[in-house]
Amino acid sequence: MMLNTDIGAIGVLCSGGDAPGMNACVRAVVRAALYRGVKVWGVYDGYNGLVRREIEELDSAKVAGLLQRGGSILGSGRCPEFHEADVRAQCAAYVREADLGGLVVIGGDGSLAGAMELHRMGIPVVAVPATIDNDMPGTEITIGTDTAINTAVEAIDRLSDTASSHNRAIIVEVMGRHCGYLAVQSGIATGAEMIITPERPIELQSVFDEMTNAERRGKNRFMIVLAEGAQWHASELTRLINEADNPYDARFTILGYIQRGGAPSRFDRILATRMGVSAVEALLTGVSGVLTAWSHNRVELVPGDDLPERADPWGETLTRIQRISTR
Ligand code: ADP
Ligand code: F6P
């Protein structure tokens, strides 16, 4: 690999909703860069750290023990001002002043959009996909998704125990914003009787019919995994079920932020590590404006301005994406 030895230092930040594995990625970025003689500065609280000029040099010891830690030691967050062109210009000027030869942006699709703006202003940037929603175009999976699904699966299994003891329907609302991936994966993995997603709205009568069928088949529970972006909120669907004449009395649980925290799964630790190392290698070989995408069991660098319009976590259009390699 031909390294760009002119880069003395790079920055790394986490942006958007936090995701388990962000820390593991920060660790990988720091260790991969230091290994190649490049210093790393952590930028605090997403793009806010560039606006407020809050950065700190990270050495190897500062990122020790991060593989297993949820959250983000750098903080993560939204930065509404970053949508303004003049604020972004000030941030780009600061990156140059701080002598950062590139930035690794770890976050979701909004964070990627911000990264692409910096890239267009001449700042070398590589984006790493991290969000529990798995709603990013161009990558089969994002850092944090696997852990969030495992967390949901554990919770749904527990809820299923109590549902079957009481002959109840339990509606479990999982996160995912506008994407039903978490709901589908956790619903299939727990054998839920019904999964409701934003992608496939359903008639209320079909929910009632399925309940009647389930009771006829002798089922002592009726688990519904409901995506947060679906047509009903959990409380609303519960009320509608209980107001009608249905065989199961309904209760609901919203899993919420519990899905964002906790130690990352083995898969997320490895994914985060591989993507972090790839991001550093990309910057050091002069590549910018790309996403470290997961495709066919490996990391590929996909140009950020050449992504499909929408995410395709089901993999139908993924093969049509144009890819470039580091060489
Ligand atoms: P995520 O990265 O998880 O999708 P957001 O959509 O909230 O989370 O985006 C995170 C941050 O990225 C925003 O608060 C903003 O600072 C920045 N950002 C999002 N969209 C854009 C955009 N179109 N242009 C510039 N910056 C953006
Ligand atoms: O994008 C991750 C996510 O947890 C979504 O699943 C959820 O809709 C959203 O973030 C919640 O955002 P906030 O942290 O701003 O409440």
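The following refers to the structure shown. These numbers come from a predicted model, not from an experiment. (Residues numbered from 1 in each chain as written. Chains lettered and ligands numbered in written order. Predicted model: local features only at pLDDT ≥ 70, side-chain atom pairs only at ≥ 80, totals over all residues. Heavy atoms only, no water.)

Quick word on the side chain of N23
Following the sequence through the fold, N23 ends up in helix α1 (residues 22-35). Each residue touching N23, except ones within four places of it in the same chain, is listed here: L66, R69, G70, G71, S72 and I73. (Helix = DSSP H or I, 4+ residues; strand = E, 2+ residues; numbered from the N terminus. Contact = heavy atoms within 4.5 Å.)

Concerning the packing of helix α7 (residues 204-216) against helix α8 (residues 234-243)
Helix packing for two helices is described by the angle between their axes and how far apart those axes are. Two elements in contact, α7 and α8, have axes separated by 11 Å at closest approach and are oriented at 60 degrees. What the angle tells us is that α7 and α8 run oblique. Along this stretch, α7 crosses α8, giving a crossing that reads as right-handed. Residues L204, V207, F208 and M211 of α7 form the contact with α8, whose participating residues are L237, L240 and I241. (Axes fitted to C-alpha atoms, helices over the stretch in contact; angles between N-to-C directions. Parallel < 35°, antiparallel > 145°, perpendicular 65-115°, else oblique. Left-handed = near helix turned anticlockwise from the far one by under 90°.)

A short note on the sheet that holds strand β10 (residues 290-295)
Spatial ordering of the open sheet is given by β3-β2-β1-β4-β5-β10-β11, a layout of 7 strands whose pairing is mixed. A single partner strand is all that each edge strand has here, and the edge strands are β3 (55-58) and β11 (298-303). Geometrically, the sheet is characterised by an average inter-axis angle of 30 degrees between neighbouring strands, direction not taken into account. Here 5 bridges tie strand β4 (residues 103-107) to strand β5 (residues 125-129), and the two strands are oriented parallel to one another. When the bridges of β5 are listed, I106 appears paired with V128. Strands in contact with α1 are β1 (9-14), β2 (39-43), β3, β4 and β5; relative to β1, the strand with the most contacts, it is inclined by about 175 degrees. (Pairing = 2+ DSSP bridges.)

Quick notes on the site of ligand 1
Among the 15 residues in the neighbourhood of ligand 1, the closest are listed as C79, G108, D109, G110 and S111. Within the backbone of C79, an N or O atom sits 2.6 Å from an oxygen atom of ligand 1. The side chain of S111 places a nitrogen or oxygen atom 2.5 Å from an oxygen atom of ligand 1. Relative to its unbound accessible area of 560 Å², ligand 1 is 83% covered by the protein chains. Ranked by the residues each element gives to the shell around ligand 1, the list is headed by helix α4 (residues 109-120), at 5 residues. Here the residues of the shell around ligand 1 sort into 4 nonpolar, 8 polar and 3 charged. (Near = heavy atom within 4 Å. Polar contact = N/O pair within 3.5 Å; in protein donor to acceptor, adjacent residues only side chain to side chain. Areas by Shrake-Rupley, 256 points an atom, 1.4 Å probe, with all protein chains shown as cover. Nonpolar A, V, L, I, M, F, W, Y, C, P; charged D, E, K, R; others polar.)

What to know about the site of ligand 2
Residues in close proximity to ligand 2 include R78, T131, D133, M175, G176, R177, E228, Y257 and R260, which together make up its full environment. One of the side-chain nitrogen or oxygen atoms of R78 is found 2.9 Å away from an oxygen atom of ligand 2. The separation between an oxygen atom of ligand 2 and a polar main-chain atom of G176 is 3.1 Å. Its free accessible area being 400 Å², ligand 2 has 76% of it covered by the protein chains. Per-class residue counts for the shell around ligand 2 are 2 nonpolar, 2 polar and 5 charged.

Some words on helix α9 (residues 266-284)
Note on helix geometry: an α-helix contains 3.6 residues per turn, so any two residues three or four positions apart are oriented the same way. Over its 19 residues, α9 extends 27 Å from the first C-alpha to the last, a length consistent with the 27 Å expected when each residue adds 1.5 Å. Along α9, the residues that are buried comprise D268, L271, A272, M275, G276, S278, A279, V280, A282, L283 and L284. Directly beyond the C-terminal end of α9, a positive phi value near 85 degrees is found at G286. (Expected span 1.5 Å × (residues − 1). Buried < 20%, exposed > 50% of the residue type's maximum accessible area, 1.4 Å probe, protein only.)

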